[in-house]
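The chain contents come next:
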Amino acid sequence: MEFRNFEPYKPKRGEEYMNEPQREHFKLILKRWKAELMEEVDRTVTHMKDEAANFPDPADRATQEEEFSLELRTRDRERKLIKKIDSTIERIEQDDYGFCDACGVDIGIKRLEARPTASLCIDCKTLDEIKERQELG
């Protein structure tokens, strides 16, 4: 699931990177994204309660169990993403957001708008992915 409906940040000439308006911009994006994910969790719970049935036909029961299993796996990934969003919001509040964890350079507003939870600049992320591919073969 991707976050939607945000106005891209337009930096002003000579503006300092990761100033208060920029941090607020990203905090708002992250909070909206988290709210969307939480709504999905609520919808899943409601759906599973409403749709839960004890089908006499084993094939129907298996189909329903598989559907629920897929939904739960998706929600588990989203739960992990919510944790990552929370830790990213914490980084914003500690003025530690927007800088690469590996090399310390600015990650960049456009990259952060594309992936607000990014903690690596594009160069370090690319190197990270190359190393991962080499290790996995």
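Going by the structure above, here's the rest.
Notes on the structure in this doc start here. (Residues numbered from 1 in each chain as written. Predicted model: local features only at pLDDT ≥ 70, side-chain atom pairs only at ≥ 80, totals over all residues. Heavy atoms only, no water.)

So, the overall build of the chain
Looking only at helices and strands, the chain has four helices and zero strands in total. In terms of C-alpha radius of gyration, the chain reaches 20 Å, well past the compact-globule figure of 14 Å for 137 residues. Based on the C-alpha atoms only, the size of the chain along its principal axes is roughly 70 × 40 × 20 Å. Residues counted as buried form 33% of the 137 residues belonging to the chain. Considering only contacts within the chain whose residues lie at least 6 apart along the sequence, 57% involve residues at least 24 apart. (Helix = DSSP H or I, 4+ residues; strand = E, 2+ residues; numbered from the N terminus. Rg over C-alpha atoms; globule rule 2.2 N^0.38 Å. Buried < 20%, exposed > 50% of the residue type's maximum accessible area, 1.4 Å probe, protein only. Contact = heavy atoms within 4.5 Å.)

Focus: the side chain of Q22
Turning to its location among the elements, Q22 is positioned in helix 1 (residues 20-51). At 2.5 Å, the side chain of Q22 and the backbone nitrogen of M18 are in polar contact. The residues contacting Q22, other than those within four sequence positions of it, are Y9, E15, E16, Y17 and I109. (Polar contact = N/O pair within 3.5 Å; in protein donor to acceptor, adjacent residues only side chain to side chain.)

Focus: unusual backbone geometry
Non-glycine residue M18 carries a positive phi angle of around 55°. Considering the arrangement of structural elements, one finds M18 in the segment before helix 1. The phi torsion at D95 lies on the positive side, around 55°, for a residue other than glycine.

Observations regarding a negative patch on the surface
A cluster of acidic residues, D128, E129, E132 and E135, forms a negative patch on the protein surface. Note on placement: E132 falls in helix 4 (residues 122-136). (Patch = residues over 30% accessible without salt bridge, like charges linked within 9 Å, V, L, I, M, F, W, Y side chains within 5 Å. Areas by Shrake-Rupley, 256 points an atom, 1.4 Å probe, with all protein chains shown as cover. Salt bridge = Lys/Arg side-chain N within 4 Å of Asp/Glu carboxyl O. Lys, Arg positive; Asp, Glu negative; His and termini not counted. Charge placed at Lys NZ, Arg CZ, Asp CG, Glu CD.)

Points about the nonpolar core
Core analysis: the biggest nonpolar cluster contains 22 residues, and F26, I85 and L112 have the highest contact counts within it. Counting residues per element, the ones that place at least two in this core are helix 1, helix 2 (58-93) and helix 3 (109-114). Non-local contacts of L112, meaning those with residues more than four positions away in its chain, are made with Y17, M18, F26, Y97, G98, I107 and A118. (Core = buried A, V, L, I, M, F, W, Y, C linked by side-chain atoms within 4.5 Å.)

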